[in-house]
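Topology and contacts: notes
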Amino acid sequence: MLIPHPVLGLRDAREFAYLGDARLIDRPDPSAPDAEAAFCDYVYLRDNPAGAHRELWFHEHGDHSWLVVTRNTITHEILGAELAHDVALARKRSVK
Amino acid sequence: MRFSGFRVLSEALKGHSGWKPLWRNPDPQPFYDYVIVGGGGHGLATAYYLAKTFRQSRIAVLEKGWLGSGNVGRNTTVIRSNYLLPGNGPFYEFSLKLWEGLEQELNFNSMVSQRGVIYLFHSDWQRDAYRRRANSMALAGADARLLSREDLKAMLPFLNYDNARFPIHGGFMQPRAGTARHDAVAWGYARGADLYGVDLIQNCEVTGFRIVDGNIRGVETSRGFIGANKVGVAVAGSSSRVMAMAGMRLPIESHVLQAFVTEGLKPIIPCVIMFGAGHFYISQSDKGGLVFCGEIDGYNSYAQRGNLPMVEDVCEGAMAVMPMIGRVRLLRQWGGVMDMSMDGSPIIDRTGIEGLYFNGGWCVGGFKATPASGHAFAHLLATDTPHETARAYRLDRFARGYLIDESGAGAQPNLQ
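Residues numbered from 1 in each chain as written. Chains lettered and ligands numbered in written order. Predicted model: local features only at pLDDT ≥ 70, side-chain atom pairs only at ≥ 80, totals over all residues. Heavy atoms only, no water.

This part is about the overall build of chain B. Assigned secondary structure in chain B consists of 11 helices and 18 strands. Rg of the C-alpha trace for chain B: 21 Å, near the compact-globule value of 22 Å for 416 residues, within the 12% margin. Across its three principal directions, the C-alpha atoms of chain B cover 65 × 65 × 40 Å. When each of the 416 residues of chain B is scored for burial, the buried share is 58%. In chain B, of all internal contacts separated by at least 6 residues, the share reaching a separation of at least 24 is 75%. Surface exposure of chain B reaches about 16,900 Å², of which carbon and sulfur atoms provide 52%. Within chain B, one finds 42 positive and 37 negative side-chain charges whose respective centroids are separated by 4 Å. (Helix = DSSP H or I, 4+ residues; strand = E, 2+ residues; numbered from the N terminus. Rg over C-alpha atoms; globule rule 2.2 N^0.38 Å. Buried < 20%, exposed > 50% of the residue type's maximum accessible area, 1.4 Å probe, protein only. Contact = heavy atoms within 4.5 Å. Areas by Shrake-Rupley, 256 points an atom, 1.4 Å probe, with all protein chains shown as cover. Lys, Arg positive; Asp, Glu negative; His and termini not counted. Charge placed at Lys NZ, Arg CZ, Asp CG, Glu CD.)

Attention shifts here to the environment of Phe108 of chain B. All names here are of chain B. Inspection of the secondary structure puts Phe108 in the loop between helix H4 (102-106) and strand E4 (117-121). As a C-alpha pair, Phe108 and Ala184 span 76 residues in sequence and 7.7 Å in three-dimensional space. Look past the residues within four positions of Phe108 in its chain and what remains in contact with it is Phe3, Leu22, Glu103, Ala184, Trp187, Gly188 and Arg191.

All names here are of chain B. Enumeration over the complete set of coordinates arrives at 25 aromatic pairs over all chains. Ring geometry for Phe121 and Tyr130: centres 6.3 Å apart, planes at 45°, overall tilted. Each member of the pair, Phe121 together with Tyr130, is buried. With centroids separated by 5.1 Å and ring planes inclined at 10°, the aromatic side chains of Tyr130 and Phe172 adopt a geometry described as stacked. Taken as a pair, Tyr130 in helix H5 (residues 124-139) and Phe172 in strand E6 (residues 170-174) lie far apart in primary sequence, 42 residues in all. Both residues of the pair, Tyr130 and Phe172, belong to the buried class. Through pairs of rings, three or more aromatic residues link up here, namely Tyr83, Phe91, Tyr92, Trp362 and Tyr393. Across from the ring centre of Tyr161, 5.3 Å away, lies the NZ or CZ of Lys153, which sits over that ring. The ring of Tyr302 carries the charged tip of Arg241 above its face, separated from the ring centre by 5.2 Å. (Phe/Tyr/Trp six-rings, centres within 6.5 Å; stacked < 30°, edge-to-face > 60°. Lys NZ or Arg CZ within 6 Å of the ring centre and 35° of its normal.)

Residue and element names in this part refer to chain B. Partitioning chain B into domains gives domain 1 (21-75 + 180-250 + 341-398) and domain 2 (113-175 + 252-339). Spacing between the C-alpha centres of domain 1 and domain 2 amounts to 30 Å. On the domain 2 side, the residues contacting the 19 residues of domain 1 number 13 residues. Regarding the contact of domain 1 and domain 2, the summed buried area is about 1,300 Å², with carbon and sulfur atoms giving 49% of it. In terms of surface lost to domain 2, no three residues of domain 1 exceed Arg74, Gly237 and Val364, which account for 40% of the buried area on that side. On inspection of domain 1 and its partner domain 2, the count reaches 0 salt bridges. Looking at the side of domain 1 that touches domain 2, the elements that each hand over two or more residues are helix H8 (239-244) and strand E18 (356-360). The leading source of residues in the side of domain 1 that touches domain 2 is H8, at 3 residues. (Domains from an automatic or database assignment. Buried area = accessible area lost by both parts, 1.4 Å probe. Salt bridge = Lys/Arg side-chain N within 4 Å of Asp/Glu carboxyl O.)

So, on to the sheet that holds strand E6 (residues 78-83) of chain A. By definition, the strands of a sheet pair up through backbone hydrogen bonds, in either a parallel or an antiparallel sense. All names here are of chain A. Across the sheet, 4 strands lie side by side as E3-E4-E5-E6; this open sheet has antiparallel pairing. The sheet terminates laterally at strand E3 (17-21) and E6, the two strands that pair on one side only. Across the sheet, the axes of successive neighbouring strands diverge by a mean angle of 30°, strand direction being ignored. As defined by bridge partners, strand E5 (residues 66-72) adjoins E6 across 5 bridges and the pair is classed as antiparallel. Paired with Val68 across the two strands is Glu82, which belongs to E6. (Pairing = 2+ DSSP bridges. Axes fitted to C-alpha atoms, helices over the stretch in contact; angles between N-to-C directions.)

Our next topic: the environment of Met340 of chain B. All names here are of chain B. Considering the arrangement of structural elements, one finds Met340 in strand E16 (residues 330-341). Sequence-wise, Met340 and Gly237 are 103 residues apart; in three dimensions their C-alpha atoms are separated by 8.3 Å. Look past the residues within four positions of Met340 in its chain and what remains in contact with it is Pro251, Ile252, Glu253, His255, Ile296, Cys363, Val364, Pro413 and Gln416.

On to unusual backbone geometry, then. All names here are of chain B. Phi is positive for Arg55, which is not a glycine, with a value near 55°. Examined against the element boundaries, Arg55 turns out to sit in the loop between helix H2 (41-52) and strand E2 (59-62). If you check the backbone angles, Cys363 has positive phi at about 50° while not being a glycine. Structurally, Cys363 can be placed in the loop between E18 and helix H10 (370-383). For Cys363, a relative accessible area of 8% translates into the label buried.

Moving on to the packing of helix H3 (residues 89-100) of chain B against H10 of chain B. Residues and elements named next belong to chain B. Closest axis-to-axis distance for the H3/H10 pair is 7 Å, and the angle between their directions is 110°. Judged by the inter-axis angle, H3 sits roughly perpendicular to H10. Contacts from Phe91, Phe94, Ser95, Leu98 and Trp99 of H3 reach H10 at Thr370, Pro371, Ala372, Ser373, His375 and Ala376. (Parallel < 35°, antiparallel > 145°, perpendicular 65-115°, else oblique.)

All names here are of chain B. Looking only at helix H1 (residues 5-13), the buried set comprises Arg7, Ser10 and Glu11. With its buried residues spanning 100° around the axis, H1 presents them on a single face. Every exposed residue of H1 that faces more than 90 degrees away from the buried side is listed here: Gly5, Leu9 and Leu13. The first or second residue beyond H1 is Gly15, which carries a positive phi of 70°. (Arc of directions from axis to C-beta.)

Structure, rendered in structure tokens:
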């Protein structure tokens, strides 16, 4: 699989480490009253779709950026990639 | 129709004209007491034990494709019970005991071969870890022994003992472990269930659940609505897709695992060998082909086929531990879809919906569990209480913090 890195162009998927569903960007608020249940869902439950899946890949053997890659889990076709930094900013999350 | 040596001989004299299909091919009835979704090893075993051991009646197994068309026909056929943790050990030992009597039980040759499974160790800490695991197995009633380098050299002279990075210091063996003929396991359970009157309904895809006030009423299928008092789902690989139809999100990701078979060779590998420094294991089928496998590819997939980097990785493992097979030609390679759970251990439990039961999350080790999984799931369906060996496989163990994290990888399904 070749991942279209937004900065570096097409890169071999072997340069990346995989984390999973891109919803992991949205960490629950630890001070919310339902934080315990929200964190349990966040850590353990997944949609696990058959088809388009937005997921986090880390460019470990590259520029150490996190990408949000959209990939079809039935065909392994890669439908797009964005910097996770941009995705988080677009959701008005603070970025460290 | 019972199978026996005499029967085979008499059929040979009659031109094999007397063999009949192993099971009926019935149309679905409008209502069953129990509907099992999934006609793979676990679903068929569940139906068999439900009918035979727990004396329940009006049972159907619904299968989207043909019986045994999923992972029970796509695995590397290893059976073993060498688990470390208390939640796992007794369950897999129960399974191995069922394997030992399976052919007599089913009157079907599933070619169970207790040829032994050996894990190689390459360092002092690895030896200590295996010693601990052997002690834990003894507590679960399983058999285990440690082999010295000299013992191993006598048994497996062809290994690369002096690899500069991964020298082999010894091995950890379960002599009662081994292999079985995967397809015949599905066929044997299917035939056994059919003989007890279970309706095995193929080409019947479940498209939804009918749930009224939190109670299951039946399943919508490609062949119409089928009513049921209780529905058990055993569709590992597709668990998330099927349970989503009941509104559930599961602690599971689907990943692809590849396996490989080489051309047929004379007998060279007498047991199952696990490389302790990389993830590679190998055995030899009765047809002579070397059967081997490595890790999952590492990203979510429903593709039933993997990619080349893992092929290379597995073959590197093979060459590191067993250079003699370097010139053997690969015949076939395939992938299966694994229910990778968040702690690497399975789930056999009720759900929040009355009458709906779930069996899944088998990760890369579902085949060896087939008999015990079927038995425990049938026990749960029939009695509404977990089987004594499967009490730890609860769906709510993640929320309660009672994970069974055999490999210590945490909530990272691609590392389990």
